Amino acid sequence: MAPGTLILRRLTTHFANRIRQNQRLLSSHLYSSSALEEAPSSSSSSSTNLDGVHMTDTCIQKMKQLKASEAQEKMLRLSVETGGCSGFQYVFDLVDDKTNPDDRVFEKEGVKLVVDNISYDFLKGATVDYVEELIRSAFQVTENPSAVQGCSCKSSFMVKL
């Protein structure tokens, strides 16, 4: 067997195990009491809340630009999924002004950031920014107290246990 094949087989097994572990972690959060005990009235929160998800001024300015160019009201949705280089990845979507019953809405200067209850457990105290770089411009989570480490692309992270 060629050395490259052996390394590829080891890496495949490693990443498959990591993804299974992350899926178990996410599904355990689905039924955890912390995700389900909160009252729906606490779904709207200001940025001064330490457990909230915060937006930088740059993020707010970019969302205002995007909202001005759209015919319908738009919100930024942030969710966490299994995958990416480090086990979990951030997913940003620009969505219509509709929320689900388990969503939390964080609003600042008329800009709304929506996070589902399961993702919120991974994002408490996080900060969302809009970053313009040479290779891309994107919304990013720049600080996340629940993350131990992440990859250089800033799209994925590993959770503190």
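This text follows the structure it describes.
Since the structure is predicted, the reported quantities are computational estimates derived from the model, not experimental observations. (Residues numbered from 1 in each chain as written. Predicted model: local features only at pLDDT ≥ 70, side-chain atom pairs only at ≥ 80, totals over all residues. Heavy atoms only, no water.)

## Quick word on the overall build of the protein chain
When helices and strands are tallied, the protein chain shows 4 helices and 10 strands. The linear arrangement of helices and strands in the protein chain, starting from the amino end, is α-α-β-β-α-β-β-β-β-α-β-β-β-β. Counting the 161 residues in the protein chain, one finds 37% classified as buried. Here the contacts in the protein chain between residues at least 6 apart in sequence split such that 56% fall between residues at least 24 apart. A total accessible area of about 9,500 Å² is found for the protein chain, and carbon and sulfur atoms account for 53% of it. (Helix = DSSP H or I, 4+ residues; strand = E, 2+ residues; numbered from the N terminus. Buried < 20%, exposed > 50% of the residue type's maximum accessible area, 1.4 Å probe, protein only. Contact = heavy atoms within 4.5 Å. Areas by Shrake-Rupley, 256 points an atom, 1.4 Å probe, with all protein chains shown as cover.)

## Remarks on the environment of Leu113
If you trace the backbone, Leu113 turns up in strand S6 (residues 111-116). Beyond its immediate sequence surroundings of up to four residues, Leu113 is in contact with Val53, Met55, Leu76, Leu78, Arg104, Val105, Phe106 and Val128.

## Here's the deal with the packing of aromatic side chains
Using the criterion set out here, one finds 6 aromatic pairs in the structure. Residues Phe106 and Tyr120 carry aromatic rings whose centres are separated by 6.1 Å and whose planes lie at 20 degrees to one another, so their mutual orientation is stacked. Highlighted residues: Phe106 in strand S5 (residues 103-108) and Tyr120 in helix H4 (residues 117-123), separated in sequence by 14 residues. Aromatic rings pair up to connect Phe88, Tyr90, Phe122 and Phe157 into one cluster. A cation sits over an aromatic face here: Arg104 above Tyr120, 3.9 Å from the ring centre. (Phe/Tyr/Trp six-rings, centres within 6.5 Å; stacked < 30°, edge-to-face > 60°. Lys NZ or Arg CZ within 6 Å of the ring centre and 35° of its normal.)

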